[in-house]
Amino acid sequence: MSQSLILKSARDATRVFSKIVQKTLPISKNKLPPVPHLPHNVLRSCGFHNSAPNYSKFLFTDSHEWIKIDGDVGTIGITNYAQEQLGDIVFCELPEVATEFSKGDIFATVESVKAASDLYIPISGEVVEVNEKLVDTPAIINESPTEDGWLVMVKLTSSADDELSELLTQTDYEKTLN
Amino acid sequence: MCARGLLRNSASNYFKSPARRKSTKKCIVYTTKATDPYQNLAFEDWMYEKVDFSSSNCLFIWRNEPSVIIGRHQNPWKECPVTDLLRREIHICRRRSGGGAVYHDLGNINFTFFSDRSSYDRCSNLRVIVAALQQLSPNLDVAINKRDDIILNDRHKISGSSSKLGRRSTYHHCTMLLDANKTQVIKTLSAKIDITCKATSSVRSSVLNLVDADNHLTFDLICNKVVDIYQRKHASSEVYEISTNDEKLLPGVGKYREELSSWEWIFGKTPEFSLKREFLNEALGKILIQLHVKKGFIENVEIIPGLDEMVAITTFLQTRMVGCRFSSQDLTHLLSSLVPPLDQKLYRSISDNILSFLQ
């Protein structure tokens, strides 16, 4: 490497690392940059149209995943805001059925415009079904992020109630987008 | 993302903007003498997972010995002549970022820009590089296209980009062809195998080395200028040379390297695919062999047409080949060790054709 770069010793580098290696992760830092032309209709910006199901059943993460609970099964996907940010999704890598995840684990990866984006599971549980249609047609996520473009279904665990209470309601999620 | 269409390299675009839009963050620049691609990719992953970029951005400058680096969701057999590369000891690596396959050697410079999610901006990173090139060689006609490639003279790609995005951290890395072996670029990125799959495809581009346009450009000159412009964009900066396999500095980085260099990651992570091959048999006419490969292992073998002679061979091969790794070594070993209680000549011609999938 060039002489003119200021080279420091490995010990100095260790010091810098120990300073920047994260101990805690402030959640407020997780926001995506705002969309320059966010639709005025707030409902639309989250992927809900007039014909959409009951909004109150949806809960959100600040990393733009949604979960809808039906009995002891949660259906999970990404929000319309997320798909708009990502652009055309060309590949969707889903977990195997029966994989167990803890809340916050990376459960899927989607690829768009040469970027591989990790997706984080909003709740702990075992995968009981994955949306196989996305393997052949990942663009369904762009077309219908909160309905046909769902990613996985998980069977909830006994800690589900506590975990769900930590998620964002639709109103709170929309506030994070501003 | 970059604006649509070509952004011309006018002074207003490239000279001024990097310096003008100064970040309040500090930056840390890492360089390394390590040229092991798995080790350098492991360093990127370590940084992505372990480091908080909320108060500092990082730039990592690195080079690899001859390797083909495929994107996260690609099929190595579709992108490159796998058996040939392994024989010639050219590494095959699967990176964690998206996008297509690229060839690296010491004539190619890699830049990785780490940032938190809110500062992720590929175009701004590329402008640092373009500004450096413009300052070093004012007559160079370079521009960023809508795929975030840097192109020379309107049509030749000299740099390709891809990225990895998490909820907190991101990295954007890009290549820069300075003086790479162009024959190898073409040879190592051409596979002749007929594969049906859903894996991410590469976009073919005509490539050129920067030295072809200006033979005064060197690795040191470019790196220093890029570092200089990158530093000026930040409130303060530090530059370090590091060993990307330093376990004391980067605890656990060895595990990342181990995973990235494993067969299970490089080949086993390939999205499901099928291959077919047709050949002519003197006695039976056209024969079609189809293989289905899942997670790198053979999941199904079909031989068409299902004539009486064929059914026995198909069943024989199916029971033995299913579950075998789709690798030249494993398949050659398996097929040559089998003693089929069948028409030997027909069996050989079928097994030779199966092996030729991997040539």
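Provided above is the structure to which this section pertains.
Everything quoted here is computed from the prediction, not taken from an experiment. Every chain is numbered on its own, with residues counted from 1 as its sequence reads. Each chain is given a letter, starting from A, and each ligand a number, starting from 1, according to the order in which they appear as written. For this predicted model, a pLDDT threshold of at least 70 governs which residues receive local features, and a threshold of 80 or more governs which side-chain atom pairs are given and counted, while totals over whole chains, interfaces and linings are taken from all residues. Excluding hydrogens and water, the side-chain figures rest on all heavy atoms present in the structure.

All names here are of chain A. Should DSSP find at least two bridges between two strands, the strands are regarded as paired. We count a stretch as a helix when DSSP gives it H or I for four or more residues in a row; a strand needs E for two or more, and each element gets its number in order from the N terminus. Taken in spatial order, the 6 strands of this open sheet run β1-β2-β3-β9-β8-β5, and their pairing is antiparallel. Only two strands of the sheet have a single partner each, and these edge strands are β1 (58-60) and β5 (100-101). Here 2 bridges tie β5 to strand β8 (residues 125-130), and the two strands are oriented antiparallel to one another. Among the inter-strand pairings, Phe101 is bridged to a residue of β8, identified as Gly125.

We now examine the sheet that holds strand β5 (residues 102-104) of chain B. Residue and element names in this part refer to chain B. Spatially, 3 strands are ordered β4-β3-β5 in an open sheet, and the strand pairing comes out mixed. The open sheet has two edge strands with one neighbour each: β4 (91-94) and β5. Shown here is a sheet whose adjacent strand axes are inclined to one another by a mean of 25°, direction ignored. Relative to β5, strand β3 (residues 67-70) is paired through 3 bridges, and the arrangement is antiparallel. Among the inter-strand pairings, Ser67 is bridged to a residue of β5, identified as His104. Axes here mean lines fitted to C-alpha atoms, for a helix over just the part in contact, with angles spanning 0 to 180 degrees between N-to-C directions.

Turning our eyes to something else, we now look at the pairing of strand β1 (residues 26-31) of chain B. Residues and elements named next belong to chain B. With respect to burial, β1 is a largely interior element, 6 of its 6 residues being buried. Throughout this description, buried means an accessible area under 20% of the type-specific maximum (1.4 Å probe, protein chains only), exposed means over 50%, and partly exposed covers the range between. A two-sided burial pattern is seen for β1, the buried positions comprising Lys26, Ile28 and Tyr30 on one face and Cys27, Val29 and Thr31 on the other. Here 6 bridges tie β1 to strand β13 (residues 236-241), and the two strands are oriented parallel to one another. Each residue of the ladder has a partner; that of Val29, found in β13, is Val239. One ladder, built from 6 bridges, connects β1 with strand β2 (residues 56-62); its direction is parallel.

As a further point, take the packing of helix α12 (residues 308-321) of chain B against helix α14 (residues 344-355) of chain B. All names here are of chain B. At their nearest, the axes of α12 and α14 sit 11 Å apart, and the two run at 45° to each other. Relative to α14, the element α12 lies oblique. Crossing geometry of α12 relative to α14 is assigned as right-handed. Where α12 approaches α14, its residues Glu309, Met310, Ile313, Phe316, Leu317 and Met321 are matched on the opposing element by Leu346, Tyr347, Ile350 and Ile354. Any residue that is not Ala, Val, Leu, Ile, Met, Phe, Trp, Tyr, Cys, Pro, Asp, Glu, Lys or Arg is counted as polar, Gly included; the first ten are nonpolar and the last four charged. For the contact of α12 with α14, the residue count by class is 9 nonpolar, no polar and 1 charged. Angle categories: roughly parallel below 35 degrees, roughly antiparallel above 145, roughly perpendicular from 65 to 115, and oblique for all the rest. Handedness of each helix crossing follows the sense of rotation of the near helix against the far helix: counterclockwise by less than a right angle gives left-handed, clockwise gives right-handed. Contacts are assigned to residue pairs with any non-hydrogen atoms lying within 4.5 Å of each other.

Another point: the packing of aromatic side chains. To describe a pair of aromatic rings, you give the distance between the ring centres and the angle between the ring planes. Two aromatic rings from Phe, Tyr or Trp, using only the six-membered ring of Trp, form a pair when their centres are within 6.5 Å; if the ring planes differ by under 30 degrees the pair is stacked, by over 60 it is edge-to-face, and anything between is tilted. Going through the model one piece at a time under the given rule, you end up with 17 aromatic pairs over all chains. The interplanar angle of 10° and the centroid separation of 4.7 Å between the aromatic rings of Phe60 of chain A and Tyr173 of chain A together place this pair among those described as stacked. Pair noted here: Phe60 of chain A is in strand β1 and Tyr173 of chain A is in helix α7 (residues 170-176), with a separation of 113 residues, a long-range link. The pair formed by Phe60 of chain A and Tyr173 of chain A is uniform in burial state, with each residue classed as buried. A centroid spacing of 5.1 Å and a plane angle of 40° characterise the contact between Trp77 of chain B and Phe267 of chain B, whose relative ring orientation is tilted.

Attention now moves to helix α9 (residues 219-232) of chain B. Helix span is expected to be 1.5 Å times the residue number reduced by one. With 14 residues, α9 of chain B ought to run about 20 Å at 1.5 Å a step, and its terminal C-alpha atoms sit 20 Å apart, in line with that. Those residues of α9 of chain B that fall on the buried side of the exposure criterion are Phe219, Ile222, Cys223, Asn224, Val226, Val227, Ile229, Tyr230 and Gln231 of chain B.

Right, let's talk about the pattern of salt bridges for a bit. Residues and elements named next belong to chain B. What makes a salt bridge here is a side-chain nitrogen of Lys or Arg within 4 Å of a carboxyl oxygen of Asp or Glu, nothing more. Tallied over the entire structure, the rule returns 21 salt bridges over all chains. The partner of Asp36 in a salt bridge is Arg257, and the shortest N-O contact between them spans 2.7 Å. Of this pair, Asp36 sits in the loop between β1 and α3 (37-50) while Arg257 sits in helix α10 (residues 253-260), and the two are 221 residues apart along the sequence. Given the relative accessible area of 29%, Arg257 is considered partly exposed.

Counting buried positions along strand β7 (residues 115-120) of chain A yields 6 of 6 residues, so the element is predominantly enclosed. What you see with β7 of chain A is no split at all: Ala115, Ser117 and Leu119 of chain A on one side and Ala116, Asp118 and Tyr120 of chain A on the other are buried throughout. Counted between consecutive antiparallel strands, the loop separating strand β6 (residues 106-112) of chain A from β7 of chain A contains 2 residues, among which Val113 of chain A sits at a positive phi close to 30°. Judged from the 3 bridges that link them, β7 of chain A and strand β10 (residues 161-165) of chain B form a sheet pairing that is parallel. Residue pairing in the sheet places Ala115 of chain A in a bridge with Ser163 of chain B of β10 of chain B.

Any functional reading would require information beyond the geometric quantities listed.
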